[in-house]
Amino acid sequence: MTPIHTMINGLPGNVAKTLAGGVLKDPRLSLVPFSLTGGDITASSVQVSDTQIALIKPGNRDQEIKTVLADYPGLIAVDFTHPSAVNANAEFYTRHKIPFVMGTTGGDRAALEETVNRGQTPAVIAPNMAKQIVGFQAMMEYAATTFPGLFKGYTLEVAESHQKGKADTSGTAKAIVSCFNGLGVDFDVADIKKVRDPEVQEKEWGVPKEHLGGHGWHTYTLKADDGSALFEFKHNINGREIYTGGSYDAVVFLGEKMATGGGSKKLYSMIDVMTKVS
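To start, this report covers the structure provided alongside it. (Residues numbered from 1 in each chain as written. Predicted model: local features only at pLDDT ≥ 70, side-chain atom pairs only at ≥ 80, totals over all residues. Heavy atoms only, no water.)

1. Digging into the environment of Ile 4
Here is step 1 of the chain: Secondary-structure assignment places Ile 4 in strand S1 (residues 4-9).
Here is step 2 of the chain: Residue Ile 4 is classed as buried on the basis of its relative accessible area, which comes to 10%.
Here is step 3 of the chain: Sequence separation of Ile 4 and Lys 66 is 62 residues, and the distance between their C-alpha atoms is 18 Å. (Helix = DSSP H or I, 4+ residues; strand = E, 2+ residues; numbered from the N terminus. Buried < 20%, exposed > 50% of the residue type's maximum accessible area, 1.4 Å probe, protein only.)

2. Let's talk about the sheet that holds strand S13 (residues 267-268)
The strands making up a sheet are joined through hydrogen bonds of the backbone, oriented either antiparallel or parallel.
Here is step 1 of the chain: Pairing within the open sheet is parallel, and its six strands lie in the order S2-S1-S6-S7-S8-S13. If you trace the sheet from one side to the other, it starts and ends with strand S2 (29-31) and S13, each paired once.
Here is step 2 of the chain: With four bridges connecting them, S1 and strand S6 (residues 76-79) associate as parallel partners. The residue of S6 that forms the bridge with Met 7 is Ala 77. (Pairing = 2+ DSSP bridges.)

3. Description of the packing of helix H5 (residues 131-146) against helix H6 (residues 171-182)
Here is step 1 of the chain: It is at 8 Å that the axes of H5 and H6 come closest, and there the two elements cross at 20°. Considered as vectors, H5 and H6 are oriented roughly parallel to each other. Note on packing geometry: the crossing formed by H5 with H6 is left-handed. Across the interface between the two elements, Ile 133, Phe 136, Gln 137, Met 140, Glu 141 and Ala 144 of H5 pack against Thr 172, Ala 175, Ile 176, Cys 179, Phe 180 and Gly 182 of H6.
Here is step 2 of the chain: Here the residues of the contact of H5 with H6 are counted per class, giving eight nonpolar, three polar and one charged. (Axes fitted to C-alpha atoms, helices over the stretch in contact; angles between N-to-C directions. Parallel < 35°, antiparallel > 145°, perpendicular 65-115°, else oblique. Left-handed = near helix turned anticlockwise from the far one by under 90°. Contact = heavy atoms within 4.5 Å. Nonpolar A, V, L, I, M, F, W, Y, C, P; charged D, E, K, R; others polar.)

4. Let's talk about a nonpolar patch on the surface
Here is step 1 of the chain: Together, Tyr 142, Phe 147 and Leu 150 give the surface a local cluster of nonpolar side chains, amounting to about 340 Å² of exposed area.
Here is step 2 of the chain: Tracing the backbone through its elements, the reader meets Tyr 142 in helix H5. (Patch = residues over 30% accessible without salt bridge, like charges linked within 9 Å, V, L, I, M, F, W, Y side chains within 5 Å. Areas by Shrake-Rupley, 256 points an atom, 1.4 Å probe, with all protein chains shown as cover. Salt bridge = Lys/Arg side-chain N within 4 Å of Asp/Glu carboxyl O.)

5. Quick notes on the environment of Thr 221
Here is step 1 of the chain: Its place among the elements puts Thr 221 in strand S11 (residues 215-224).
Here is step 2 of the chain: C-alpha separation for the pair Thr 221 and Lys 265, spaced 44 residues apart in sequence, amounts to 37 Å.
Here is step 3 of the chain: In this structure the side chain of Thr 221 is engaged in a polar contact, spanning 3.2 Å, whose partner is the side chain of Glu 232. (Polar contact = N/O pair within 3.5 Å; in protein donor to acceptor, adjacent residues only side chain to side chain.)

6. Comments concerning the nonpolar core
The nonpolar side chains of a soluble globular protein tend to be buried with one another.
Here is step 1 of the chain: Residues Ile 8, Val 101, Val 124 and Met 270 are the most contacted members of the largest nonpolar core, which totals 34 residues.
Here is step 2 of the chain: The biggest single contributor to this core is helix H8 (residues 242-259), with seven residues.
Here is step 3 of the chain: In contact with Val 124, other than residues within four places in its own chain, are Phe 100, Val 101, Met 102, Ala 250, Phe 253, Leu 254, Tyr 268, Ser 269, Met 270 and Val 273. (Core = buried A, V, L, I, M, F, W, Y, C linked by side-chain atoms within 4.5 Å.)

7. As for the packing of aromatic side chains
Here is step 1 of the chain: Applying the stated rule across the entire model yields nine aromatic pairs.
Here is step 2 of the chain: The interplanar angle of 90° and the centroid separation of 5.2 Å between the aromatic rings of Phe 151 and Tyr 154 together place this pair among those described as edge-to-face.
Here is step 3 of the chain: Between Phe 180 and Tyr 220 the ring centres are 6.0 Å apart and the planes differ by 45°, which places this aromatic pair in the tilted class. Taken together, the residues span a long stretch of sequence, with Phe 180 in helix H6 and Tyr 220 in strand S11 at a distance of 40 residues.
Here is step 4 of the chain: With a relative accessible area of 0%, Phe 180 lands in the buried category.
Here is step 5 of the chain: Here Tyr 220 falls in the buried class, since its relative accessible area comes to 0%. (Phe/Tyr/Trp six-rings, centres within 6.5 Å; stacked < 30°, edge-to-face > 60°.)

This is the structure in structure tokens:
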């Protein structure tokens, strides 16, 4: 298999840096030495291991990408940028016919899906690229479909803690809340408790100090109204490495779709990637 040219967008962000470093170690992939970045970034490049990666600013990316695509045919983009850039980036990818993996949360998700569906290239969009968490989400979706109303009459509390720099409420938490809604629980995503204070995270939550700058701790607590029962679901992730494997698998998945003509379907999820949906 010829390694797939993989462009990690969002450098010099921490998640993008972790992903770029991992690409260098994955024989299925080849790191493209360019990355889309925000207009507020002053650096012109960033070093990842022994590779110097040039940063492409919003103002001139439509011109610069033409050269990149010519030099790196079959390029697939992985987006871990900023919630405010989600929709504009998706429009950019579809405009230039670049298959992409959207790991960035936030933005207008309905508009994001519409952009992909009216485009000509496939994309994998998921609020979480960690395969174990995606599997947990799939189990919750199965429960909501198979046992609707199971937790009717229960109250739900949702708390999620991420590094201070994460701007939006966790997309994974929103997706799991949707499942609980299907299970009969009346809860609005606006009521998710979002914790971003490092002092609270370390002293009250117990997040290890070395992971305050990169973690994702979620707790979902269900209580019966009469106090007779309590259920709690929890997933605590330290660091960012867990997200890399799923992202790389998604790139390979899209590469296979492009190699076989892609078909009529354009929009895929991480569950599609994990089950290798046709």
